[in-house]
Amino acid sequence: MYRFLMSRQWVILVLVALLLIPTMIRLGIWQMHRYEERTARNQLVADALAAKPVPVESLTGPGHTVTSAERYRTVIAKGRFDAEDEVVVRRRTNSDDEVGYHVLTPFVLDDGKVLLVNRGWIPGDRKSQTAYPKVPAPPGGELTVRGRLMPSETTEASGIKNLEGLPDRQIMLIDSEQQARRLKAEVLGGYVAQTAPEPAGDTPELLGDPGKEDAALNYAYAVQWWLFAAAVPVGLVVLARREARDREQAAKETTSGEAEPAAV
C-alpha cells in the first residue's frame, strides 16, 4: 500500500524534509538567542536609566573605555563649557529623521580634565554641506550638567565611516581619544548625552531616551520556526496517507471495471 514511498519523487521529498527540520530548529534557537540578548540589553538600559546619578569621574577617566554596564548611566559634572573648541558631528538625525548635526562641546571640569558633552541636534544648512552651521551658544560660567554616559563611537559599532578631509570643526564619530589629541588635554573616556539643563529656546534639541529593542518579535519568530519544523513531518504523513488513499481508490475502480460482465 505504501510502496510508492520508495519512488524517486518521494525519496527526494523526504530528504528535503529531513534537511528542513534541523535547519528550522536551528533558526528557532538562533532567534531565541537573539531574544535573550535583546532582553538582557533592555534590562541593562532600564537599570542604567533608573540608577541614581553619580559624579562622572566615578565611572570614567582619561583613556577609560565605557562598558555596557556603564552605558546610559546618568552622571553629573561641574565646570564650564569651552565653546571655542566646539565641533559638530555630521549626518545625524533627530526624532523626525531630519538630517543635521550633533553639537559636541568640551566641558572643562573643576580639576582641569575635559568631558565631551553632546548638547543635542541642530538642523543642517540646506545651502551648504561644508559651511560650519549656526550653533546656539552654550550657557556661560560655572554650572552643573547632567546626562547619559556613552562609549566612544567606532565604525564597527555604528557603521559610520570616519571620513578624512572634512571641513574645519566637523567630525563623523565622537571619539574621546581623537578629541584628546585635538584638544591636547586629558579627556574623559566616552562622552555624555546632555539631559540637563534644558537649552534656551529648545535648541540644540536634546537627544531622546534610548528606545527598547523589540525582543518579543524574536521570541515570536523562534516559536514560528519551531512550529514550521513540527509541521513538516505532519505534512508528510498527511500527504502520504492521501496518496495511499487515492491509489487504493484508483485500484478499486480498476478492479471493478475489469469485473463487470460484457453487455449482451
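Preceding this paragraph is the structure being described.
Residue numbers here run from 1 along each chain, matching the order of that chain's written sequence. At least 70 in pLDDT is required for a residue's local features to be given in this predicted model, at least 80 for side-chain atom pairs to be given and counted, and no such filter applies to totals for whole chains, interfaces and linings, which use all residues. Excluding hydrogens and water, the side-chain figures rest on all heavy atoms present in the structure.

**Brief notes about the overall build of the protein chain**
Step number 1: Tallying secondary structure elements over the protein chain gives four helices and eight strands in all.
Step number 2: Secondary structure of the protein chain in N-to-C order comes out as α-β-β-β-β-β-β-α-β-α-β-α.
Step number 3: As defined in this context, the radius of gyration uses C-alpha atoms, and a globule is described by 2.2 Å times the residue total to the power 0.38. Its C-alpha atoms give the protein chain a radius of gyration of 32 Å, more than 25% over the compact-globule value 18 Å for 264 residues.
Step number 4: Taking the principal axes of the C-alpha coordinates as reference, the protein chain spans close to 120 × 45 × 30 Å.
Step number 5: In the protein chain, buried positions account for 34% of the 264 residues.
Step number 6: Of the charged side chains in the protein chain, 32 are positive and 35 negative, and the gap between their average positions amounts to 3 Å. Labels follow the DSSP assignment, with helices taken as runs of H or I lasting at least four residues and strands as runs of E lasting at least two, numbered in each case from the N terminus. In this scheme, a residue with accessible area under 20% of its type's maximum is buried, one over 50% is exposed, and one in between is partly exposed, where area comes from a 1.4 Å probe on protein chains only. Only four residue types enter the tally: Lys and Arg on the positive side, Asp and Glu on the negative side, with His and both chain ends excluded. To locate a charge, the coordinates of NZ of Lys, CZ of Arg, CG of Asp or CD of Glu are taken.

**Concerning the pairing of strand S2 (residues 74-81)**
Step number 1: Pairing between strand S1 (residues 54-55) and S2: two bridges, direction parallel. Bridge pairing in S2 places Pro 55 opposite Ile 76.
Step number 2: In this sheet, strand S6 (residues 143-150) lies alongside S2 in antiparallel orientation, the contact comprising six bridges. Within S6, the residue paired with Ala 77 across the bridge is Val 145.
Step number 3: Paired strands, as defined in this entry, are two strands with at least two bridges between them according to DSSP. Of the strand pairs in this sheet, S2 and strand S4 (residues 99-109) are connected by three bridges, and their pairing is antiparallel. In the sheet register, Phe 81 faces S4, and the bridge partner there is Phe 107.

**As for the packing of aromatic side chains**
Step number 1: We call Phe, Tyr and Trp rings a pair once their centres come within 6.5 Å, taking the six-membered ring for Trp, and we label the pair stacked below 30 degrees between planes, edge-to-face above 60, and tilted otherwise. Going through the model one piece at a time under the given rule, you end up with three aromatic pairs.
Step number 2: With a centroid separation of 4.9 Å and an interplanar angle of 70°, the aromatic rings of Phe 81 and Phe 107 are classed as edge-to-face. With Phe 81 in strand S2 and Phe 107 in strand S4, this pair connects stretches of sequence that are 26 residues apart.
Step number 3: For Phe 81, a relative accessible area of 8% gives the class buried.
Step number 4: Looking at Phe 107, the relative accessible area reads 0%, which means it is buried.
Step number 5: With a centroid separation of 5.9 Å and an interplanar angle of 85°, the aromatic rings of Trp 225 and Phe 228 are classed as edge-to-face. Here Phe 228 and Trp 225 lie together in helix H4 (residues 215-259), a separation of three residues that amounts to about one turn.
Step number 6: Taking NZ or CZ as reference, Arg 119 lies 6.0 Å from the ring centre of Phe 81, over its face.
Step number 7: When the ring centre of Tyr 132 is taken as reference, the NZ or CZ atom of Arg 169 above it lies at 4.3 Å. Only when the NZ atom of a Lys or the CZ atom of an Arg is both within 6 Å of the ring centre and within 35 degrees of the ring normal do we say a charge sits over the ring.

**Re the pairing of S6**
Step number 1: Across the eight residues that make up S6, a large majority, six, are buried.
Step number 2: Pairing of S6 with strand S8 (residues 191-196) involves five bridges; the strand directions are antiparallel. Its bridge partner lying in S8, Gly 147 is registered against Gln 194.

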